[in-house]
Amino acid sequence: MGSVGSVPRLVVAAPASGSGKTTVATGLMAAWSARGMAVSPHKVGPDYIDPGYHALATGRVGRNLDAYLCGAELVAPLFAHGARGCDIAVVEGVMGLFDGVSGEGELASTAQVAKLLRAPVVLVVDASAQARSVAALVHGFVSFDPEVRVGGVILNKVASDRHEVVLREALEATGVPVLGVLRRGAVVETPSRHLGLVPVAERAADAVAAVEAMGAMVAEGCDLAGLVALASSAGPLVGAAWDAGEALVSSPPPPLPFPSLGAAPPDPPVGPGGPRPQTPDGLERAVVALAGGAAFSFSYAEHAELLTAAGAEVVTFDPLRDEKLPEGTSGVVIGGGFPEVYASELSANEALRKQIAELAASGTPVAAECAGLLYLCRELDGMPMCGVLDASARMSERLTLGYRDAVAVSDSVLAVAGTRMRGHEFHRTVVEPGAGSSPAWGVRVPERRVEGFVEGGVHASYLHTHWASAPGVARRFVERCRTS
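Here's what I pulled together on the structure shown here. (Residues numbered from 1 in each chain as written. Predicted model: local features only at pLDDT ≥ 70, side-chain atom pairs only at ≥ 80, totals over all residues. Heavy atoms only, no water.)

## Some words on unusual backbone geometry
- Cis geometry marks the peptide bond from Glu-432 to Pro-433; its omega dihedral reads -5°.
- Along the chain, Pro-433 falls in the loop between strand 19 (420–432) and strand 20 (441–443).
- A positive phi is found at Ala-108, a non-glycine position, where the angle reads about 70°.
- Here Ala-108 is to be found in the loop between strand 5 (88–92) and helix 5 (110–117).
- Here Ala-108 falls in the buried class, since its relative accessible area comes to 6%.
- A positive phi angle is found at Cys-370, which is not glycine, with a value near 55°.
- On the accessibility criterion, Cys-370 (5% relative accessible area) is buried. (Helix = DSSP H or I, 4+ residues; strand = E, 2+ residues; numbered from the N terminus. Buried < 20%, exposed > 50% of the residue type's maximum accessible area, 1.4 Å probe, protein only.)

## Focus: the packing of aromatic side chains
- A full pass over the atoms with the stated rule returns seven aromatic pairs.
- On the basis of an interplanar angle of 25° and a centroid distance of 5.8 Å, the ring pair of Phe-98 and Phe-141 is categorised as stacked. Remark: Phe-141 occurs in helix 6 (residues 133–144) and Phe-98 occurs in the loop between strand 5 and helix 5; sequence separation between them is 43 residues. An identical accessibility class is assigned to Phe-98 and Phe-141; each is buried.
- With centroids separated by 5.4 Å and ring planes inclined at 75°, the aromatic side chains of Phe-298 and Phe-338 adopt a geometry described as edge-to-face. Residue Phe-298 is found in the loop between strand 12 (286–291) and helix 12 (301–309), and its partner Phe-338 is found in the loop between strand 14 (329–334) and helix 13 (343–348); the two are separated by 40 residues along the sequence. An identical accessibility class is assigned to Phe-298 and Phe-338; each is buried.
- The ring centre of Tyr-68 lies 4.0 Å from the NZ or CZ of Arg-422, which sits over that ring. (Phe/Tyr/Trp six-rings, centres within 6.5 Å; stacked < 30°, edge-to-face > 60°. Lys NZ or Arg CZ within 6 Å of the ring centre and 35° of its normal.)

## Notes on the pattern of salt bridges
- Applying the stated criterion across every chain yields a total of 18 salt bridges.
- For Arg-183, the salt bridge identified is with Glu-164, shortest N-O distance 3.2 Å. Here Arg-183, found in strand 8 (residues 178–183), pairs with Glu-164, found in helix 7 (residues 161–172); they are 19 residues apart in sequence, far enough to count as distant.
- Where salt bridges share partners, they join Asp-161, Glu-164, Arg-168 and Arg-183 into one cluster. (Salt bridge = Lys/Arg side-chain N within 4 Å of Asp/Glu carboxyl O.)

## Considering the packing of helix 4 (residues 75–83) against helix 5
- Direction vectors running N to C along helix 4 and helix 5 enclose 70°, while the axes themselves pass 9 Å from each other. Between helix 4 and helix 5, the angle falls in the class roughly perpendicular. Along its contact with helix 4, which presents Val-75, Ala-76 and Phe-79, the element helix 5 presents Val-113, Leu-116 and Leu-117.
- For the contact of helix 4 with helix 5, the residue count by class is six nonpolar, no polar and no charged. (Axes fitted to C-alpha atoms, helices over the stretch in contact; angles between N-to-C directions. Parallel < 35°, antiparallel > 145°, perpendicular 65-115°, else oblique. Contact = heavy atoms within 4.5 Å. Nonpolar A, V, L, I, M, F, W, Y, C, P; charged D, E, K, R; others polar.)

What follows is the structure, given as structure tokens:
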């Protein structure tokens, strides 16, 4: 438990997507880290890819702040959880500063998060096709919502010294200081494909070089001292930092037939390494295998933290390289990623596919989201997968994207029927059929439908969810791991 406190912080926002937020935010993180500062990285919205670059820049876990998935009340506590012990925090925004959930006003917008964090905003403006008009643009963003404090501007894609002079003169009338200028030719190569940037886990040395280049470019073109001063002007926040253990205590207990955490555990199995580790309550720690590596790089850090707090020993495995699950696995969590890019390699790892299928058939809890759903199918683009689900998956030209308000249709290892959760879909694949005889979720938007599969101990769905919004999900899963 800890107070939210007053960690210096700033939000990197923009008038629109494509203005250079990721370059500036990641560059600031890298530049300050290179100068010995402990930098806490954050990203507004559900995106998994940008936090990977943030983590590379700072050496700390990149964390998401999403008022839709988690609720506005958790934004500051989750921020404080990630920012513990840091000198400064950088929050990269999403889309345009005031863009949120369609039809829901400011909900899930960068502006809402800035207000919840009482953080100043630095606006990254693509100045490549404008001159004096930049002042009207900035004035509009400054005055649109008086509760959002735009404390500085970073001009991106500036063509020349003369262009910079014109822009600076125009902005003097707004009273908003120019805290950085990045030249048009200074472009850092960040490869992309069908769902955005290529994740850090797939780029290795290229990603390191890109982050270093962003840091050097921002350090050269921005007033780092001025930006630290702006971050230090953030208002104080009152409240408690999020804590996985306390979140579990305050969440409703899992309904029967799963025992509570206080129930007497079965005798722990003794293998070559002796009894498995115990929780503080004397319960055996269930080993939960968490998929990782290049094909499954999308996972919110709070999921592993909640599983650990619920009594699990979380061990990461890579389905591309590991031919077997961690020793003693009693549950499997497979998050998002790009299995379609690695379908042939995943298919070739027959030993692991077979083991996952056997565990699922035995009733072992398996929670799979999006990429995990594809991996559990019979085939992906014609290549054999785990065969846990009698469904096939394939790439599609259609992008499915957006927040979802969902309700659990069937009792599962994650939730009881009727449980409401919010999720996010982001994929260019199709699974046929889209739902099993016992669907995972019912969703209302963009159309009423059921989706996903609940079969035995398996819960597989396209929806990405954030378990901090419903910590009981992690506790229920770990309880089932102990009793299956």
